[in-house]
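# Close look at the chain arrangement
Letter by letter, the chains look like this.
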Amino acid sequence: MESVLLRPTIIKLTKIKRRSIGRLVVVLFISVAAPTVQADIYMFIDSQGVLNFTNAPTSSQYTLYIKERPKSSETTKKYDGIIQEASNKFGLSFSLLKAIIRAESNFDSRAISKKGALGLMQIMPQNLQAFNIRDPYDPKDNIMGGARYFKSLMERFEGKLPLALSAYNAGPTVVEKYRNIPPIKETKDYVKKVMKYYYLYQKS
């Protein structure tokens, strides 16, 4: 399908109410890609936390963000009921929570990372008590605990989504040290991955 040339679109995720972030991302992508168009979308996050999107990158700072329209096979509804419950309880976007789970464990409730993180939202063992998680392999316990923690990060970083995601991956003290997304490849890739899935679930 023929792609359409789009002008770069910029959005700044600063001091945005948590309940508004999901709607904001939907509006953003409606503005850069019509539902019937398949086109590569590029993105970069600048030092001020501004997300820049375009299908016509003007500098090497842009990296490929979305290759084409999301496919229905990329979604799963296995834990949607619990995710929605956590979304309602903590005032977080359903699609954002689902994207975090996809990036963290790919919906494997028994997942264990090389660093020892456990379950759907990959909670470290030393944090289980703080997050009120009795069984990290229980989907509801894990999702509720992970959502509670992510809400605290959103508050700590004043609603700046890229920073909250960075903190979830690398730890809040590291993000506070740099006052930005840390210069850690894993963390940068993680933020981009979650944002990609966030868009996919908004559109599914």
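Residues numbered from 1 in each chain as written. Predicted model: local features only at pLDDT ≥ 70, side-chain atom pairs only at ≥ 80, totals over all residues. Heavy atoms only, no water.

### Considering the pairing of strand β3 (residues 50–54)
In plain terms, the rule: Relative accessibility under 20% of the residue-type maximum defines a buried residue, over 50% an exposed one, and the middle range a partly exposed one, all with a 1.4 Å probe and only protein chains included. We count a stretch as a helix when DSSP gives it H or I for four or more residues in a row; a strand needs E for two or more, and each element gets its number in order from the N terminus. One bridge is not enough; two strands pair if DSSP finds at least two bridges between them.
For β3, the tally of buried residues reaches five of five residues, placing the bulk of the element in the interior. Burial along β3 is two-sided: the residues Val50, Asn52 and Thr54 and Leu51 and Phe53 are all buried. Sheet topology places strand β2 (residues 41–45) next to β3; four bridges connect them, and they run antiparallel. Within β3, the residue paired with Phe44 across the bridge is Asn52. Connecting β2 to the next strand, β3, in antiparallel fashion are four residues, including Gly49 with a positive phi near 80°.

### A word on the side chain of Glu104
Quick note on the threshold: We treat Lys and Arg as the positive residues and Asp and Glu as the negative residues; His and chain ends play no part in the count. Within this document, salt bridges are pairs made up of a side-chain nitrogen of Lys or Arg and a carboxyl oxygen of Asp or Glu, the two lying within 4 Å of each other. Contact definition: two residues touch when any of their heavy atoms are within 4.5 Å.
Summarising the element assignment, Glu104 is placed in helix α3 (residues 94–105). Salt bridges are absent for the buried Glu104, whose nearest opposite-charge side chain, Lys193, sits at 8.8 Å. Non-local contacts of Glu104, meaning those with residues more than four positions away in its chain, are made with Leu120, Met121, Gln122, Tyr168 and Tyr190.

### A few points about the packing of aromatic side chains
The following threshold applies: Aromatic rings from Phe, Tyr and Trp, taking only the six-membered ring of Trp, are treated as a pair when their centres fall within 6.5 Å; an angle between ring planes under 30 degrees marks them as stacked, one over 60 as edge-to-face, and anything in between as tilted.
Within this structure, the stated rule accounts for three aromatic pairs. Measuring from ring centre to ring centre gives 4.5 Å for Phe131 and Tyr149, while their planes differ by 25°; the resulting arrangement is stacked. Placement of Phe131 in the loop between α3 and α4 (139–156) and of Tyr149 in helix α4 is noted, with a sequence separation of 18 residues between them. Neither Phe131 nor Tyr149 differs from the other in exposure class; each is buried. Seen in terms of ring centroids, Tyr149 and Tyr168 are 5.6 Å apart; in terms of plane orientation they differ by 40°. Their pairing is tilted. Taken as a pair, Tyr149 in helix α4 and Tyr168 in helix α5 (residues 161–170) lie far apart in primary sequence, 19 residues in all. Here Tyr149 and Tyr168 have matching classes, each one buried.

### Here we look at the confidence of the model for the chain
How we decide: The predictor's confidence in any single residue is recorded as pLDDT, a number from 0 to 100.
Mean pLDDT over the chain: 80, with 76% of residues reaching 70 or higher. Here helix α1 (residues 18–32) stands out as the least confident element of the chain, with mean pLDDT 41; helix α2 (residues 80–90) is the most confident, with 98. Every residue in residues 1–38 scores below 50 in pLDDT, and together they form 81 contacts with partners more than four places removed in sequence or on other chains. Segment residues 70–75 is flagged for pLDDT under 50; beyond a separation of four residues in sequence, or across chains, it makes eight contacts in the model.

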